[in-house]
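One-letter residues, chain by chain:
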Amino acid sequence: MKRLLNIELQKIWKNKASRILTITYFGLLSLIALVASIKFDIGPFKFHLAEMGIFNFPFIWHLNSFIAVFAKIFFAIIIVSMMANEYSYGTLKQNLIDGMSKKEFIASKFVTVIAFSMASTIFLFITSLILGLFFSSYTEISIIFSRMEYLLAYFFNLVGFFSFCLFAGILIKRSAFALGFMFIWFLFECFLVYSKHGLINSVNRFLPLESMSQLLIEPFTKLSAIKNINSKIGITLTKDYDVHLSTIFIVLIWTALFVYGSYFLLKKRDL
């Protein structure tokens, strides 16, 4: 597996566009720290995000995981482009000629997905821990390392989504069309979920992208300031913010289907 991962990392790093997107991806994760510097003082009105408790442990694990997950589109472009380049430059055929099996080829891509998801999660953990230690009102060890299941949800969200990207890249072969297919599928799920003619909630949660989004529910309505505003205007929210094993299981099933589907397409396709 290490050999397969090294091969893929070299392909990514030697490609200028992929290298820039990778650096941008991790750069965006770092920008979460800049949120702490947002501060407005206009007369008696003072607005300082860090003082609102958004970086308090354990809330920070939920908040940063939810925000960081939106940066995944940059690595999604890398995966789709990587697959398109395999066909365009003939490296896929050359790898198979050199003795790599189709199963090993898919394994190399999936190992890369796991590696980047793990690296992103570790990077997010370090960034959030540093921010929390600087700004959190709670620094007890038991509180700092509680509710870290949101990082686990973040990891599985990335693995599932990147596996979908891998499948789309192999299915379509052209990066622009593959990204277009993914966007159309996203709109299709939005129609099913939010349209008045859409599916019932019990079915929505089994859709691939929707199940991934259900891993991390928006955390902002958990803030006391938001709760106070809602209570004053008579709004009562009853959201379930927990990470459920059933949702993780659904995402893992979709991940397995996407990886197997990628292998099936490659196995049946005449290269």
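Q: An account of the layout of surface pockets is requested, with residue identities and associated values reported.
A: Size it by volume and the largest pocket reaches roughly 1100 Å³. Along the walls of the largest pocket sit 32 residues, with L209, E210, M212, S213 and Q214 positioned nearest its centre. If you list the elements that add at least two residues to the lining of the largest pocket, you get α4 (72–88), α8 (149–172), α9 (175–194), α10 (201–204) and α11 (208–213). With eight residues, the top contributor of residues to the lining of the largest pocket is α9.

Q: Mind laying out the pattern of salt bridges, listing which residues take part and the relevant values?
A: Summed over all chains, the structure comprises three salt bridges. A salt bridge links E149 to R147; the shortest N-O distance between them is 2.5 Å. The exposure class assigned to E149 is partly exposed, which follows from its relative accessible area of 28%. Across the pair R147 and D242 runs a salt bridge whose closest N-O atoms are separated by 3.1 Å. Residue R147 is found in the loop between α7 (141–144) and α8, and its partner D242 is found in the loop between α12 (224–232) and α13 (245–268); the two are separated by 95 residues along the sequence.

About the cut-offs
Residues numbered from 1 in each chain as written. Predicted model: local features only at pLDDT ≥ 70, side-chain atom pairs only at ≥ 80, totals over all residues. Heavy atoms only, no water. 1 Å grid on protein atoms, 1.4 Å probe; cavity = no way out; pocket = protein on both sides within 12 Å on 5 of 7 lines; lining within 4 Å. Points joined across faces, edges and corners; volume = space filled by probe spheres on them. Helix = DSSP H or I, 4+ residues; strand = E, 2+ residues; numbered from the N terminus. Salt bridge = Lys/Arg side-chain N within 4 Å of Asp/Glu carboxyl O. Buried < 20%, exposed > 50% of the residue type's maximum accessible area, 1.4 Å probe, protein only.

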